[in-house]
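Chain by chain, the residues run as shown.
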Amino acid sequence: MASGSVYLETFGCQMNELDSELVVGALSALGYRFTADPADASVVLYNTCSVRERAEQKVWSRLGEVAKAKAARPELVVGVLGCMAERDGEALIDRMPVVDILCGPAELDRLPELIDNAARTRSSLLSTEAPTRTTPARSARQVALQGSASRRSGTLAAAGDNLEMLDLSRSVSPVDGVGGTSAYVRITRGCNKFCTYCVVPFTRGAEVHRPPEHIIDECKRLADAGVIEITLLGQTVNHYRFEHGAAVTVDGVTQPQKGRAFKGGHRRDPLSGQNTTTFADLLKRIHDEVPAIQRLRFVTSYPRDFGDDILDVIRESPRLCRYIHIPAQSGSDRMLKMMNRGYTVAEYDDVVARCREKLDQREIGRPLMLSGDIIVGFPTETDEDFEKTIDLVRRSRYKNCFIFKYSPRPGTTAYDKIPDDVPESVKRERNNRLLAVQAEISDEISREQIGREFDIMIEGYSRTERKRRGIDVKPGTGMVAITIGGASGPTETNGPAPTQPSTAATTQLAGRTDGDLIVHVEVPTNGPTPPEDLVGRIARCRITDANGLSLAGEMI
Ligand code: SAH
Ligand code: SF4
Ligand code: F3S
């Protein structure tokens, strides 16, 4: 039985949030307890992101802080998990000797063993040498990285199997606050696209699709535990394809990609026939076989992989959300080519048009909502390229769009081959201009919803209500068990914490439409149904007002 408590902080994408949840489950099962206060912890873990330099800077500053704590409490064990561990490797410990554990995202099943070893090594180090102000404690170095093995087919199957156990052994009962009514389920690991700016193929390794039976099983177990909303995760989630009978399905390894059809997406291969589960098949199976899941969505979609088969299944399946996150990255063909995105602007426009044509069913109260990602200031981007991106954003009418300034990442093709020549001031200006354009569109879309009726999945107190009640609203901090949301897109709520009751006549709750629009609803604090009892449920609301991206609604 392990002793001591763990502080775990998560940075980065939903993939990392899910990984953290799995880590919490695995460590809890071994007897570890979690704490929201690093000062109480005997193990401090950071699950990190490498996608932009800023994401890494946050972790460096956390490590600086924890180094001070460790000077006072030398027995503290510090671990860096996730993409930054994988990318930086042991150089990270050389730079920050406070770090004892490095664990890449493909090795998380080994984390309990690493923590155990680090704690033992730490105490034997401490008995032989006492750290002083001038000689910091030596790291009790425990390292598990996928490293250069990540793209060797032989090791892939084994790595996949062990990792598969981590997902399969997921705890679905509320352990240490994990649980609730929304959950992520991974369907694909890794990425094979190699966009020239991106670290993900290096940190997460080659694309591996999970067997559909495992995915459906996990969805069923989550549904049995009370989950009603599932978000399927993959870096290029709509690229999912599982060949039955292959030990492990990896594009380019056991299953060479056979000419990617742009429009048809993943038609069944005539040779393998029914032995293939396509993404469309998977969506339909989950929808039909796990009816307790009232909302099913998926992120992130790759524009090139949207076949009509997928769109048809969504249209025919009432519990599939009318929400698609489909990053364009740029509106200039020249930039898309340099980014190695594999599609043209015209092809992107065509996907958006097909999505709207098939999935926008506003006549039955189900308007389609799209969201996007854009990178501004990619090397050599001219004003003209940027204007084309503005045009694309206007045409696409995203409900929200994440806009990033290009950040050169060591090890990527863009970093090695193309100088980062767009000045920071230009990046900033383009970023702000695009934000303003998107804000206008978001505002328009919000206002269009006034008077419409939606099913809202209530997620918890709104940000305003949390402030009113004095609950911490700092985003992205604290122990993962209480920061895991489960919903995609901008997260603003955590489940209500049992704190002092509100003295106000109404309590403001926040929820989402199936198109991922945030709605605030005031409900009577002392009405027949206590506001807290609505959390995790779906309620019918009419939209009464709109302000930026958030909508106000009333229960009907
Ligand atoms: N697999 C997803 C994206 C994962 S990374 C996809 O392809 O859509 C999330 C977003 O971060 C990307 O969509 C991109 O917009 C942004 N991003 C990735 N690398 C970046 C970099 N080096 N600089 C700036 N933004 C980056
Ligand atoms: Fe990165 Fe491109 Fe893969 Fe997305 S598709 S994770 S941007 S390499
Ligand atoms: Fe970051 Fe890794 Fe996700 S780099 S965006 S945590 S896949």
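Residue numbers run consecutively from 1 along every chain, following the written order of its sequence. The lettering of chains begins at A and the numbering of ligands begins at 1, in the order of writing. In view of the model being predicted, local features appear only for residues whose pLDDT reaches at least 70, and side-chain atom pairs are presented and counted only at 80 or more, with totals across whole chains, interfaces and linings using the full set of residues. To obtain the side-chain values, all non-hydrogen atoms of the structure were included, while hydrogens and water were left out.

### Looking at helix 9 (residues 279-289)
Stated precisely, the cut-off is as follows: Relative accessible area decides the class of each residue, using a 1.4 Å probe on protein chains only: under 20% of the type maximum gives buried, over 50% gives exposed, and in between gives partly exposed. Numbering of helices and strands runs from the N terminus; a helix is a DSSP stretch of H or I covering at least four residues, while a strand is a stretch of E covering at least two. Note on contacts: a residue pair is in contact if any heavy atoms of the two residues lie within 4.5 Å.
Every buried residue of helix 9 is accounted for by Phe-279, Ala-280, Asp-281, Leu-282, Leu-283, Ile-286 and His-287. At its buried positions, helix 9 is contacted by helix 8 (212-224), strand 10 (229-233), strand 12 (276-278), strand 13 (295-299) and helix 10 (308-316).

### What to know about the pattern of salt bridges
When charged atoms on two side chains of opposite charge get close, those side chains can pair. Stated formally: Only one rule defines a salt bridge in this text: a Lys or Arg side-chain nitrogen within 4 Å of an Asp or Glu carboxyl oxygen.
Per the stated rule, a full pass over the model turns up 54 salt bridges. Between Lys-399 and Asp-516 there is a salt bridge, and its shortest N-O distance comes to 3.4 Å. Of this pair, Lys-399 sits in the loop between helix 13 (383-396) and strand 16 (400-405) while Asp-516 sits in the loop between strand 18 (506-512) and strand 19 (518-524); the two residues are 117 residues apart in sequence, bridging distant segments of the chain. Residue classification places Lys-399 among the buried positions, given a relative accessible area of 1%. Under the relative-accessibility criterion, Asp-516 is labelled buried at 1%. One continuous salt-bridge network, built from bridges that share partners, spans Asp-19, Glu-164, Asp-167, Arg-186, Arg-189, Arg-204, Arg-210 and Glu-218.

### A short note on the site of ligand 1
What counts, and what does not: The rule for a residue being near a molecule or strand is that one of its heavy atoms must lie within 4 Å of it. Counting of polar contacts relies on pairs of N or O atoms within 3.5 Å, with two restrictions inside protein: one atom must be capable of donating a hydrogen and the other of accepting it, and residues adjacent in sequence are counted only when both atoms are side-chain atoms. Here the open area of atoms and residues is found with the Shrake-Rupley method and a 1.4 Å probe, where only the protein chains shown may cover a residue. Following the grouping adopted for this structure description, the nonpolar residues are Ala, Val, Leu, Ile, Met, Phe, Trp, Tyr, Cys and Pro, the charged ones are Asp, Glu, Lys and Arg, and the polar ones are all others, Gly among them. Residue ranges assigned to each domain were obtained from an automatic or database domain assignment.
Neighbouring ligand 1 are 15 residues, the closest being Arg-52, Gln-235, Gln-329, Asp-373 and Ser-407. One nitrogen or oxygen atom from the main chain of Ser-407 is found 2.8 Å from a nitrogen atom belonging to ligand 1. In the complex, the protein chains occlude 90% of the 540 Å² of accessible area that ligand 1 would expose alone. Of the residues contributing to the shell around ligand 1, the split by class is six nonpolar, four polar and five charged. Each of domain 2 (152-321) and domain 3 (326-448) contributes no fewer than three residues to the shell around ligand 1.

### Regarding the confidence of the model for the protein chain
Applied cut-off: pLDDT: the predictor's confidence for each residue, scored from 0 to 100.
On average, the protein chain scores 86 in pLDDT, and the residues at 70 or more come to 83%. Segment residues 247-266: pLDDT under 50, and 55 contacts once partners within four positions in sequence are set aside and those in other chains are kept. Here residues 475-498 is a poorly scored stretch, pLDDT under 50, and it has 75 contacts once near neighbours within four places are set aside; other chains count.

### Thoughts on the pairing of strand 16
Our working rule: Two strands qualify as a pair provided that DSSP identifies no fewer than 2 bridges between them. By convention, orient the strands away from the viewer: a clockwise path from the first strand over the helix to the second makes the crossover right-handed.
The pairing of strand 15 (residues 369-376) with strand 16 spans six bridges and is parallel. Along strand 16, the bridge assignment pairs Ile-375 with Phe-404. Crossover strand 15 to strand 16 through helix 13 is right-handed.

### Digging into the environment of Val-44
With respect to the helices and strands, the residue Val-44 is situated in strand 3 (residues 43-48). C-alpha of Val-44 to C-alpha of Val-6: the two residues are 38 residues apart in sequence and 5.9 Å apart in space. Beyond its immediate chain neighbours, meaning those up to four positions away, Val-44 contacts Tyr-7, Pro-38, Val-66, Leu-76, Val-77, Val-78 and Gly-79.

### Overview of the site of ligand 2
Taken together, the residues surrounding ligand 2 are Cys-191, Lys-193, Phe-194, Cys-195, Tyr-197, Cys-198, Val-200, Pro-201, Gln-235, Thr-236 and Arg-341. Considered class by class, the residues forming the shell around ligand 2 number seven nonpolar, two polar and two charged.

### Some thoughts on the nonpolar core
For the record, the criterion: Definition of nonpolar core: a set of buried residues of the types Ala, Val, Leu, Ile, Met, Phe, Trp, Tyr and Cys, connected through side-chain atoms within 4.5 Å.
Membership of the largest hydrophobic core comes to 103 residues, with the highest contact counts inside it found for Leu-45, Leu-111, Ile-230, Leu-232, Leu-283 and Ile-286. Setting aside residues up to four positions removed in sequence, Leu-45 forms contacts with Val-6, Tyr-7, Leu-8, Glu-9, Leu-27, Gly-79, Leu-81, Leu-111 and Ile-115. Counting residues in hydrophobic clusters, the runner-up holds 22 residues, among them Tyr-7, Val-80, Ala-85 and Val-99.

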